[in-house]
Amino acid sequence: MGLLNWRRDTAVDEPVLVDAAQLDEVQRRLAVVELELRRAQAALDGLPLGVVLVDPSGTVISRNAAATPARGHADVLLQGAIGRHVEQGLLGIASQSSIELFGPPKRVIQVAATPLPDGGVLVTVEDVSDRSRLDAVRTDFVANISHELKTPVSALAVLAEALADEDDLRVMRRLAGKMVGEAHRAATVIDDLLELSRIELGGMAVRDRVDVASLLSEAAVRSLAGAEQHTIRIDVDEPVGFAVLGDRRQLVSALSNLIDNAVKYSEEGSEVWVTSTRESGVIAMHVTDHGIGIPAKDLDRIFERFYRVDRARSRDTGGTGLGLAIVRHVATNHEGDVQVRSNEGEGSTFTLRVPEAVS
């Protein structure tokens, strides 16, 4: 039996008979369409790329989760950028721009608009923070290595020319020794730059439970050769039961850089103390020397790349100016910090603070 519906017409009113089977088929097809739409929306929401589809009138037809506005100043800026690109797209103009959202965390978002044949606009929103960081690290690496290798490479060229014109065996040996020293200096610069770039790119990839006593001991062993050369004693107080959560390789690298610095700027025959304390959920690892100390005016800048308090002394000790930059990045990667206390002529204490591993 048919289902009686009425349709109002401008001329006459006439009954329209709709078969129940036909109605069921229409409803079934509508259910299938709705299911496909939900699946398509779920697929869009699963994309890391934000997608906004706008019709020719400027009305948003579809928007996935990655492009859905959220509360906060950063997202207000993002939605403003999307709106500007929609306006350009409705005029038939393809556009693209990047905006920096300072967070935290800092993000770089790329917004692009593509006009569609029907007059609408497709806007994409892509988080390119990792790509931007990689490009910045690569650019810094090239700039830094070019800058820092100029001195040893130039010195090697001059020494090689002098050696080529020299007949005195004693002078030749002296020149050859200086060339070896400059070659080691260049190798040290490259090693430190590679280590710094690896730490910057690697982030906090590993979170293992690491025993602090073994960290301090391994870092001290790395610096032992330089200490023995200057008759400096490294005194390590190995704690019992202290542990941190993090990347063992990065932490050892940071601590060995602190110990190396302490050795380089200490007087011969003195001591370097390596200790640790527990401070309300944080393990503080201290490296104390009795060396020349750091002027107060330089304390805020010593963690910058290539910054040297005493350039003449750094040349003598073979420092690259990258050690403390490495320490700072390791501390940041471990959600910790690095602090320094120093008095000129009395020595310095550097403290690397890292969250304690919960048992």
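Refer to the structure presented above.
Below: a short report on this structure. Just so it is clear, the structure is predicted and the values come from calculations on it, not from any experiment.

Here we take up the nonpolar core. A general tendency of soluble globular proteins is for nonpolar side chains to be buried together. Counting 37 residues, the largest nonpolar core has L215, V244, I259, M285 and L352 as its most contacted members. If you list the elements that add at least two residues to this core, you get helix 5 (212–222), helix 7 (248–264), strand 11 (271–279), strand 12 (282–288), helix 9 (323–333) and strand 14 (347–355). Excluding residues that lie within four positions of it along the chain, V244 makes contacts with D208, R209, V210, V212, L215, L251, I283, V354, P355, E356 and A357. Listed in part, the 15 residues of the second largest apolar core include V52, L78, I109 and V121.

With that settled, consider the pattern of salt bridges. Oppositely charged side chains can form a pair if their charged atoms are brought close together. For the coordinates displayed, the defined rule picks out nine salt bridges. Between R233 and E271 there is a salt bridge, with the nearest N and O atoms lying 3.7 Å from each other. Of this pair, R233 sits in strand 9 (residues 233–236) while E271 sits in strand 11, and the two are 38 residues apart along the sequence. Judged by relative accessible area, which is 52%, R233 ranks as exposed. Looking at E271, the relative accessible area reads 27%, which means it is partly exposed.

A word on helix 5. For helix 5, the set of buried residues is V212, A213, L215, L216, A219 and A220. Along the axis of helix 5, the buried positions cluster into a sector of 165°, meaning they face one direction only. If you check the start of helix 5, you find a side-chain oxygen 3.4 Å away from the backbone N of A213, and it comes from D211.

What follows is about the sheet that holds strand 11. Strands sit in the order 9-11-12-14-13 across an open sheet of five strands; the sheet is mixed. Looking at which strands have only one partner, the edges of the open sheet turn out to be strand 9 and strand 13 (337–343). Here the strands of the sheet are splayed against their neighbours by 15° on average, with no regard to which way each runs. As paired strands, strand 12 and strand 14 are joined by seven bridges and run antiparallel to one another. Bridging from a neighbouring strand, A284 pairs with R353 of strand 14. Contacting strand 13 and strand 14, helix 9 crosses the sheet at an angle of about 140° to strand 13.

Below, the discussion takes up the side chain of S256. Within the secondary structure, S256 is located in helix 7. For S256, the contacting residues outside a window of four places in its chain are A219, R222 and S223.

Summarising burial for strand 14: eight of the nine residues are buried, a large majority. Judged from the seven bridges that link them, strand 13 and strand 14 form a sheet pairing that is antiparallel. Looking at the pairing, V338 lines up with L352 of strand 14. Connecting strand 13 to the next strand, strand 14, in antiparallel fashion are three residues, including G345 with a positive phi near 80°.

Spatially, 4-3-7-6-5 is the arrangement adopted by the five strands of the open sheet, whose pairing is antiparallel. Pairing within the sheet leaves two strands with one partner each, and these edge strands are strand 4 (60–63) and strand 5 (95–101). Strand-to-strand twist of the sheet, defined as the mean angle between neighbouring strand axes without regard to direction, takes the value 15°. As paired strands, strand 6 (residues 107–115) and strand 7 (residues 121–127) are joined by seven bridges and run antiparallel to one another. Paired with I109 across the strands is D127, a residue of strand 7.

The subject of this paragraph is a negative patch on the surface. Together, E161, D165, D167 and D168 make up a region of like negative charge exposed at the surface. Residue classification places D168 among the partly exposed residues on the basis of a relative accessible area of 31%.

Definitions and cut-offs
Residues numbered from 1 in each chain as written. Predicted model: local features only at pLDDT ≥ 70, side-chain atom pairs only at ≥ 80, totals over all residues. Heavy atoms only, no water. Core = buried A, V, L, I, M, F, W, Y, C linked by side-chain atoms within 4.5 Å. Buried < 20%, exposed > 50% of the residue type's maximum accessible area, 1.4 Å probe, protein only. Helix = DSSP H or I, 4+ residues; strand = E, 2+ residues; numbered from the N terminus. Contact = heavy atoms within 4.5 Å. Salt bridge = Lys/Arg side-chain N within 4 Å of Asp/Glu carboxyl O. Arc of directions from axis to C-beta. Polar contact = N/O pair within 3.5 Å; in protein donor to acceptor, adjacent residues only side chain to side chain. Pairing = 2+ DSSP bridges. Axes fitted to C-alpha atoms, helices over the stretch in contact; angles between N-to-C directions. Patch = residues over 30% accessible without salt bridge, like charges linked within 9 Å, V, L, I, M, F, W, Y side chains within 5 Å. Areas by Shrake-Rupley, 256 points an atom, 1.4 Å probe, with all protein chains shown as cover. Lys, Arg positive; Asp, Glu negative; His and termini not counted. Charge placed at Lys NZ, Arg CZ, Asp CG, Glu CD.

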